[in-house]
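# Per-entry structural report
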Amino acid sequence: MEKFPLKGTSNLPISSAVTNHPLSADHTSYQSVASKTGKGSSSSSGSERITTSLTTPGVPVYEADEDGMIDITPGNGGLTNPNYPYSYAANGGRQDGVGAPSSSGNNGGAGTGATSAAGTAAVGAATSAGNGGDGGGISSPTHTRFGRDFHHSDHEGISFAGMTDTSDDIPGIGQYDDFHTIDWQRDIARDRMRHRYIVKKRQDSFWDLLKGAHDAWSGWVCVLLVGLFTGCVAGVIDIGASWMTDLKFGICPQAFWLNREQCCWSSNETSFDSGNCSQWYAWSEIFTSSREGFGAYVISYFFYIMWAMLFALLAASLVRMFAPYACGSGIPEIKTILSGFIIRSYLGKWTLIIKSVGIMLSVSAGLSLGKEGPMVHIASCIGNILSYLFPKYGRNEAKKREILSAAAAAGVSVAFGAPIGGVLFSLEEVSYYFPLKTLWRSFFCALIAAFILRSINPFGNEHSVLFYVEYNKPWIFFELVPFIGLGIIGGFIATFFIKANLWWCRFRKYSKLGQYPVTEVLIVTFITAVIAYPNPYTRMNTSELIYLLFSQCGISNQDPLCDYNRNFTDVNSAIEIAAAGPNVHKAVWLLILALAMKLVMTIFTFGMKVPCGLFIPSLALGAITGRVVGIGMEQLAYNYPKIWIFSGECSTGDNCITPGLYAMVGAAAVLGGVTRMTVSLVVIMFELTGGVRYIVPLMAAAMASKWVGDALGRQGIYDAHIALNGYPFLDSKDEFQHTTLAADVMQPKRNETLAVITQDSMTVDDIETLLKETEHNGYPVVVSKENQYLVGFVLRRDLNLALANARRIIDGITGQSLVIFTSAQPVQNLGPSPLKLKKILDMAPITVTDQTPMETVVDMFRKLGLRQTLVTHNGRLLGVITKKDVLRHVKQMDNEDPNTVLFN
């Protein structure tokens, strides 16, 4: 060691260099000793190892790098490093702003010590901000010369594993296993590296310039394609579902592929009651040639049940045989996937095909479910499949989630014809990481999808929205009271629904019933069809029912709901307020029965093994409640027009109360209570109905229902299903209110041993034994077993791949080969050649100290999207906290069963 000169000093022997230079640990002028290539440091600061010599206590001994020179990185004053192109400003920060005084203190100290690894350095792959020494607060620069001359030879000093082009010689590095959490920081840093490389290469040739341009616009092209395909698929689903729904009632003999409405377009008759034109044959007509009478009713009833059973059997069998992931609504899983979890083939091509066909079948079967939730899943499948056309997104899980967020927005956009509502839904409900760039892309994607759906025009009218209504009456100020009342009722209905549905899903999961999914679907379908047919409001398609409840009574409306004692003689006068006729009373009772039946059947239907959404049943429950309340208010205004609450608005005899508006507000209330949406819900509702002047009533009801729901139960239906399935979802909306420390949560506990890998003293056999004996997803790399200072972190998957790859390709690798995670040349011994694995080592793992409050740790997991963080004490490694540990700890603190968190 004596003969190595220090760079920037005269050729003094090292002992005198140490004494002449103010390098002692308590001197503020020197921060750390950094190797030129940024070797792994014992204190996770990424700089050169400092081993304290046993002979001279307190005097550090420096190991040299390849060319025999040692770099000294100066603090404020002292020598400047000729290899480091930035001078230091007076405040101790570099002039380009990197490495300013560290806010997190030393790794060795007992402060919060939350040393971040993301985005601090010029390379994007960053240094841990704390330092091992007791010196000043300047982050030592641990990076190579990337800022100046990016070239292939410089790849050695990158601190994130799997980011470099050189790691491509080991196939599969940087990918993830099924049911694992992604590392957002590492993926985003890999993308920055790739982007910087492309920008650097742009000047080289015209071809590279084109490649750079393609890379820049590939995100927009990808969301454009997602929007196009989503619009087309949605159009096909809408057309198919409406045709198959009408098939339960009859057929169009001249052209069997037309549904009832289209069949009647070709008819010349000017009026036909409820779609029964002469071209359309009910099943009873084909067999008994009459529509009325007992025999006709029985035949129609039989065919209704038979078709429903057939559609349900097909849907359940397809899901069971080809794509088990195509069942349910898909939104809880999409939320989990967007939070950084991998569920392989959940967004695959088979799931897309079966979900699209299955949702048409299950909606047509007359089950109490909607096709709007699954549209989000279908759009996300399209987004996932198309992202593989663009390696920038297909190979990078964190980037892929930007496309999936945009796809979720397109899904809601086509489901309701509500593009802005879709973007807000993606932002408020499903997305976890939503930068501004993704907001613009989601907006564009939703726009394209809505435009395509509008061109296909599946509803066959001039509006692309589901329930277009035109109310022309303003609402009276006093009506806010019943609107808020509807919000409260909606909150109660929603809470009852969530609790009952969760109880049933739990029962299904842990009982024999779960083993017979197809039988369950058939039984529920049979009961639904038998109960639904006698009541005209449950017999009709749920979307038609909602449209009927939203619409206002006019001359052309023949439904019993509109049987008022009115005479429409004078066309020009406003519709007068009138007493309800006997049919209205009958219709109200039928609606109340329909409400009870729909509520009960939706509880048993949601979560079955067919594709099923929740938006439409929730809207129907609320619309029925609202319409009944609206009719009550209308009759109150008719009978007592002079009381002060109507303040003369109703004394003129005009119709001042619109029951359809109450239905709309009630629908928003129940849907808001079930899903706990607020902003996106109001926007979806007024886009859905075109009722912009009713935003305030909708907001009042949505807010009231959310408050009631939150007071009675913490979770919305999607969060509850995430918890039920045990997905590792760390909700960013929840508060962590406990006063525990990182040391209480980390694994292993104080008295157990921690599985670690040493940087240069373990053989291939040792590492393979460690991998066999432990289940961990990653291992900290330390200096040595006795000296557990942190060097970096290596993932289990990467280790397995690298070892298998080395045995296959490199000659002379045996079980006795040393595995080395540093750049230093090993001492030449007579054994087999060593295996160098520095390139799979993450040299900037995020670390906290054992005294860090868990509140801070949970925040880091949420906001940085971590997989794990390492816990140190005075720079020595103590343990690891993984996302699963955090989730279990949160459950334990909330007095819930921590073992419900199932996956890694």
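Now for a description of the structure that goes with this document. Fair warning: this is a prediction, and the values are worked out from it, not measured in the lab.

We now examine unusual backbone geometry. Cis peptide bonds are those with omega within 30 degrees of zero, and the linkage from Gln 747 to Pro 748 qualifies with -10 degrees. Structurally, Pro 748 is set in the loop between α24 (742-745) and β7 (757-758). Despite not being glycine, Ser 289 shows a phi value in the positive range, around 55 degrees. For Ser 289, the position within the fold is in the loop between α5 (283-288) and α6 (294-322). Residue classification places Ser 289 among the exposed residues on the basis of a relative accessible area of 63%. Positioned with a positive phi, Asn 895 is a non-glycine residue whose angle comes to about 60 degrees. Turning to its location among the elements, Asn 895 is positioned in the segment after α28 (883-893). Residue classification places Asn 895 among the exposed residues on the basis of a relative accessible area of 73%.

On to the side chain of Thr 605, then. Topologically, Thr 605 is positioned in helix α18 (residues 582-605). Of note is the side chain of Thr 605, whose polar atom sits 2.5 Å from the backbone oxygen of Met 601. Other than its neighbours up to four places away in sequence, Thr 605 contacts Leu 367, Ser 368, Leu 369, Val 524 and Cys 612.

The next thing to look at is the sheet that holds strand β12 (residues 835-836). Pairing is mixed across the open sheet formed by three strands, whose spatial order is β8-β11-β12. The sheet terminates laterally at β8 (762-763) and β12, the two strands that pair on one side only. Two strands pair when backbone bridges link them, and β8 and strand β11 (residues 818-820) are joined in this way by two bridges, in the antiparallel orientation. Counted as the bridge partner of Thr 763 is Leu 818 from β11.

Take the packing of aromatic side chains next. Enumeration over the complete set of coordinates arrives at 27 aromatic pairs. Between the aromatic rings of Trp 220 and Phe 444, the centroid separation amounts to 5.6 Å while the plane-to-plane angle is 70 degrees, which identifies the pairing as edge-to-face. Of this pair, Trp 220 sits in helix α3 (residues 206-247) while Phe 444 sits in helix α13 (residues 436-456); the two residues are 224 residues apart in sequence, bridging distant segments of the chain. A relative accessible area of 36% means that Trp 220 is categorised as partly exposed. With relative accessibility at 23%, the residue Phe 444 sits in the partly exposed group. Taken together, Trp 283, Phe 287, Phe 302, Phe 303, Trp 307 and Phe 311 form an aromatic cluster joined through their ring pairs. Here the basic side chain of Arg 260 rests over the ring of Phe 249, its NZ or CZ set 5.6 Å away from the ring centre. It is Arg 441 that lies over the ring of Trp 220; its NZ or CZ is 5.5 Å from the centre.

The next point concerns the sheet that holds strand β9 (residues 778-782). A sheet is described by the order of its strands in space; here three strands give the open sequence β7-β9-β10, paired in mixed fashion. What marks the edges here is a single partner per strand, and that holds for β7 and β10 (790-795). Sheet topology note: the β9/β10 ladder contains five bridges and is antiparallel. When the bridges of β10 are listed, Pro 780 appears paired with Phe 793.

Now for the environment of Gln 715. Checked against the element boundaries, Gln 715 lands in the loop between α22 (695-712) and α23 (717-725). Along the sequence, Gln 715 and Thr 495 sit 220 residues apart, while their C-alpha atoms lie 9.3 Å from each other. The residues contacting Gln 715, other than those within four sequence positions of it, are Ile 498, Arg 676, Ala 720 and Ala 723.

For α13, with 21 residues, the first-to-last C-alpha span of 31 Å sits near the 30 Å given by 1.5 Å per residue. Taken together, the buried positions of α13 are Thr 438, Arg 441, Ser 442, Cys 445, Ala 446, Ile 448, Ala 449, Ala 450, Ile 452 and Leu 453. Tucked inside the fold, the buried residues of α13 contact α3, α10 (391-394), α11 (397-416) and α12 (419-430). One or two residues past the end of α13 sits Asn 457, with phi positive at roughly 55 degrees.

What follows deals with the packing of helix α20 (residues 659-675) against α22. Contact geometry of α20 with α22 gives a least axis separation of 8 Å together with a crossing angle of 30 degrees. Here α20 and α22 pass one another in a crossing that is right-handed. Of α22, the residues touching α20 (which contributes Met 664, Val 665, Ala 668, Ala 669, Gly 672 and Gly 673) are Pro 697, Leu 698, Ala 701 and Ser 705. Residue composition of the contact of α20 with α22, grouped by class: seven nonpolar, three polar and no charged.

The N-to-C vectors of α3 and helix α9 (residues 372-387) enclose an angle of 140 degrees; their axes lie 9 Å apart at closest approach. Here α3 is positioned oblique relative to α9, judged by the angle of their axes. Note that α3 runs across α9; the crossing there is right-handed. Residues Cys 222, Leu 225, Val 226, Phe 229, Thr 230, Val 233, Ala 234, Ile 237 and Asp 238 of α3 form the contact with α9, whose participating residues are Met 375, Ile 378, Ala 379, Ile 382, Gly 383, Leu 386 and Ser 387.

The element β9 is largely enclosed, with a buried count of five among its five residues. By the alternation rule, side chains of β9 split into Gly 778, Pro 780 and Val 782 and Tyr 779 and Val 781, which are all buried. Note: β7 against β9, two bridges, orientation parallel. Note on β9: the bridge partner recorded for Ile 757 is Val 781.

Turning to the nonpolar core, a few remarks are in order. Counting 180 residues, the largest nonpolar core has Phe 416, Phe 497, Phe 550, Leu 619, Met 685 and Ile 881 as the members making the most contacts within it. The leading source of residues in this core is α6, at 12 residues. Membership of the second largest hydrophobic core comes to 26 residues, among which are Ile 173, Ile 757, Leu 837 and Ile 840.

Our focus in this paragraph is a negative patch on the surface. Together, Asp 734, Glu 735, Glu 855 and Asp 894 line one region of the surface with negative charge. Topologically, Asp 734 is positioned in the loop between α23 and α24.

Rules and cut-offs
- Residues numbered from 1 in each chain as written.
- Predicted model: local features only at pLDDT ≥ 70, side-chain atom pairs only at ≥ 80, totals over all residues.
- Heavy atoms only, no water.
- Helix = DSSP H or I, 4+ residues; strand = E, 2+ residues; numbered from the N terminus.
- Buried < 20%, exposed > 50% of the residue type's maximum accessible area, 1.4 Å probe, protein only.
- Polar contact = N/O pair within 3.5 Å; in protein donor to acceptor, adjacent residues only side chain to side chain.
- Contact = heavy atoms within 4.5 Å.
- Pairing = 2+ DSSP bridges.
- Phe/Tyr/Trp six-rings, centres within 6.5 Å; stacked < 30°, edge-to-face > 60°.
- Lys NZ or Arg CZ within 6 Å of the ring centre and 35° of its normal.
- Expected span 1.5 Å × (residues − 1).
- Axes fitted to C-alpha atoms, helices over the stretch in contact; angles between N-to-C directions.
- Left-handed = near helix turned anticlockwise from the far one by under 90°.
- Nonpolar A, V, L, I, M, F, W, Y, C, P; charged D, E, K, R; others polar.
- Parallel < 35°, antiparallel > 145°, perpendicular 65-115°, else oblique.
- Core = buried A, V, L, I, M, F, W, Y, C linked by side-chain atoms within 4.5 Å.
- Patch = residues over 30% accessible without salt bridge, like charges linked within 9 Å, V, L, I, M, F, W, Y side chains within 5 Å.
- Areas by Shrake-Rupley, 256 points an atom, 1.4 Å probe, with all protein chains shown as cover.
- Salt bridge = Lys/Arg side-chain N within 4 Å of Asp/Glu carboxyl O.
- Lys, Arg positive; Asp, Glu negative; His and termini not counted.
- Charge placed at Lys NZ, Arg CZ, Asp CG, Glu CD.

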